[in-house]
Amino acid sequence: MARPSDLAVALNRFGLGARPDDEAPADPKSWLIAQFESYDANPAVFSGAQDSATLSAGYAEARLEAKDADAAAKMAARKAARQEAQALYRDEVDMRARAALETSTPFIERLVHFWSNHFAISAEKPQVTLIAGAFEREAIRPHVLGRFEDMLLAAERHPGALDRSQLEICQPRRKTQRQAQARHQREPGPRNHGTAHTRCTLRLQPGRRDRIRAGADRFQHRTR
């Protein structure tokens, strides 16, 4: 019989909590490890979801149709696009929640949520709101148990990550960059280790890529 503390850690810290009808695992550690073999990257709950290519093509076609319209029609088209994107986003959130509630591998599902949060994208613009759910399904879920480098490249190359506002973080104006460097020299502080810093490091300092990848591989090896 497993200790209550071990069960609590396995179910709540590594998993997503116990459902009312769940049986407590006799061996919490083995229960967690076994999930690596039974994880399904594309569960049935997502069977009706559209991929990012289809969604982006539909958005581009709608914009093209409204290109030569008058101002009022363009405004109406933009409003319709926002409403459609928000409705689809709510559907994606619902599917994601159902996947978490129904999964038989809550440990891996928690890892999916962790890496989706790490590589978070801004869903402020309709064209990104449309594919925010597809981002997790296409860039995170298939690679969550693979190599970190593969997941990083998939996240970086996904259409949802190629938002202009994020690229501006990595390409600041020269004056702003000089001011930031001077401020850092006067008041050194911790760096932001979120997605934006990861992207800037990989793009602006290519000489460090090998060391970053080697460190990521070592971290992943230790967590297996």
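Procedures and definitions
- Residues numbered from 1 in each chain as written.
- Predicted model: local features only at pLDDT ≥ 70, side-chain atom pairs only at ≥ 80, totals over all residues.
- Heavy atoms only, no water.
- Helix = DSSP H or I, 4+ residues; strand = E, 2+ residues; numbered from the N terminus.
- Buried < 20%, exposed > 50% of the residue type's maximum accessible area, 1.4 Å probe, protein only.
- Core = buried A, V, L, I, M, F, W, Y, C linked by side-chain atoms within 4.5 Å.
- Contact = heavy atoms within 4.5 Å.
- Polar contact = N/O pair within 3.5 Å; in protein donor to acceptor, adjacent residues only side chain to side chain.
- Axes fitted to C-alpha atoms, helices over the stretch in contact; angles between N-to-C directions.
- Parallel < 35°, antiparallel > 145°, perpendicular 65-115°, else oblique.
- Nonpolar A, V, L, I, M, F, W, Y, C, P; charged D, E, K, R; others polar.
- Patch = residues over 30% accessible without salt bridge, like charges linked within 9 Å, V, L, I, M, F, W, Y side chains within 5 Å.
- Areas by Shrake-Rupley, 256 points an atom, 1.4 Å probe, with all protein chains shown as cover.
- Salt bridge = Lys/Arg side-chain N within 4 Å of Asp/Glu carboxyl O.
- pLDDT = per-residue confidence, 0-100.
- Expected span 1.5 Å × (residues − 1).
- Arc of directions from axis to C-beta.

Engineer: Please clarify how the overall build of the protein chain should be interpreted in this entry.
Structural biologist: The number of helices and strands found in the protein chain is twelve helices and zero strands. What you see in the protein chain, going N to C, is helices and strands ordered as α-α-α-α-α-α-α-α-α-α-α-α. For the protein chain, the proportion of its 224 residues judged to be buried stands at 32%.

Engineer: How should the nonpolar core be read in this particular structure?
Structural biologist: Here is a general trend for soluble globular proteins: nonpolar side chains tend to be buried in one another's company. Counting 21 residues, the largest nonpolar core has Trp115, Phe119, Phe135 and Ile140 as its most contacted members. Only helix H5 (106-118), helix H7 (132-140) and helix H8 (148-157) provide two or more residues apiece to this core. At five residues, H8 tops the list of elements feeding residues into this core. If near-sequence neighbours (up to four positions away) are discounted, phenylalanine 135 is found in contact with Phe119, Ile121, Ile140, Ala155 and His158. Within the second largest apolar cluster, eight residues are counted, among which are Tyr59, Ala81, Leu88 and Ala134.

Engineer: Is there a simple way to explain the side chain of glutamine 35 in this structure?
Structural biologist: One can find glutamine 35 in helix H2 (residues 28-38). Taking relative accessible area as the criterion, glutamine 35 reaches 2% and is therefore assigned buried. Only 3.5 Å separates the side chain of glutamine 35 from the backbone oxygen of tryptophan 31, close enough to count as a polar contact. For glutamine 35, the contacting residues outside a window of four places in its chain are Ser104, Thr105, Pro106, Phe107 and Ile108.

Engineer: Please clarify how the packing of H2 against H5 should be interpreted in this entry.
Structural biologist: Think of two packed helices as two axes; the pair is described by the angle between the axes and how far apart they sit. Closest axis-to-axis distance for the H2/H5 pair is 8 Å, and the angle between their directions is 70°. In terms of axis orientation, H2 runs roughly perpendicular to H5. Seen from H2, the contacting residues are Trp31, Leu32, Gln35 and Phe36; seen from H5, they are Pro106, Phe107 and Ile108. In terms of residue class, the contact of H2 with H5 is built from six nonpolar, one polar and no charged.

Engineer: Is there a simple way to think about a nonpolar patch on the surface in this case?
Structural biologist: Taken together, Ile33, Phe36 and Leu145 make up a surface patch of nonpolar side chains, about 240 Å² in accessible area. One can find phenylalanine 36 in helix H2.

Engineer: How should the confidence of the model for the protein chain be read in this particular structure?
Structural biologist: Detailed reading of the predicted coordinates is not advisable wherever pLDDT falls low. Confidence along the protein chain averages 79 in pLDDT terms, with 72% of residues attaining 70 or more. Taken element by element, the protein chain is modelled with least confidence in helix H9 (residues 164-170), mean pLDDT 42, and with most confidence in H5, mean pLDDT 95. Here residues 164-175 is a poorly scored stretch, pLDDT under 50, and it has 15 contacts once near neighbours within four places are set aside; other chains count.

Engineer: Looking at this structure, how should I read the side chain of arginine 141?
Structural biologist: Relative to the assigned elements, arginine 141 resides in the loop between H7 and H8. Discounting chain neighbours no more than four positions away, the residues touching arginine 141 are Tyr39, Ala41, Phe46, Arg96, Ala99, Glu109, Val112 and Glu136.

Engineer: So what exactly am I meant to see when it comes to helix H3 (residues 52-65) here?
Structural biologist: Taking 1.5 Å per residue as the helical rise, H3 with its 14 residues ought to reach 20 Å, and the 20 Å between its terminal C-alpha atoms agrees with that figure. Listed in full, the buried residues belonging to H3 are Ser52, Leu55 and Tyr59. Relative to the axis of H3, the buried residues are bounded by an arc of 70° and lie together on one face. The outward face of H3, more than 90 degrees from its buried face, is lined by the exposed residues Ala53, Glu61, Leu64 and Glu65. Tucked into the core, H3 has its buried residues touching helix H4 (71-102), helix H6 (126-129) and H7. The N-cap of H3, judged by a side-chain oxygen 3.2 Å from the amide nitrogen of alanine 53 a few residues on, is aspartate 51.

Engineer: Please explain the environment of glutamate 84 as it appears in this structure.
Structural biologist: Position of glutamate 84 relative to the elements: it lies in helix H4. Exposure remark for glutamate 84: the relative accessible area of 54% places this residue in the exposed category. Taking the C-alpha atoms as reference points, glutamate 84 and proline 126, separated by 42 residues in sequence, lie 8.4 Å from one another.

Engineer: Just to check I follow, could you spell out helix H1 (residues 4-14) for this structure?
Structural biologist: Helical geometry: 3.6 residues make up each α-helical turn, so side chains three or four residues apart lie on a common side. Looking at H1, one finds that the buried residues are Leu7, Ala10 and Leu11. One side of H1 carries all its buried residues, which in axial view fall inside an arc of 85°. Next to the buried residues of H1 lie H2.

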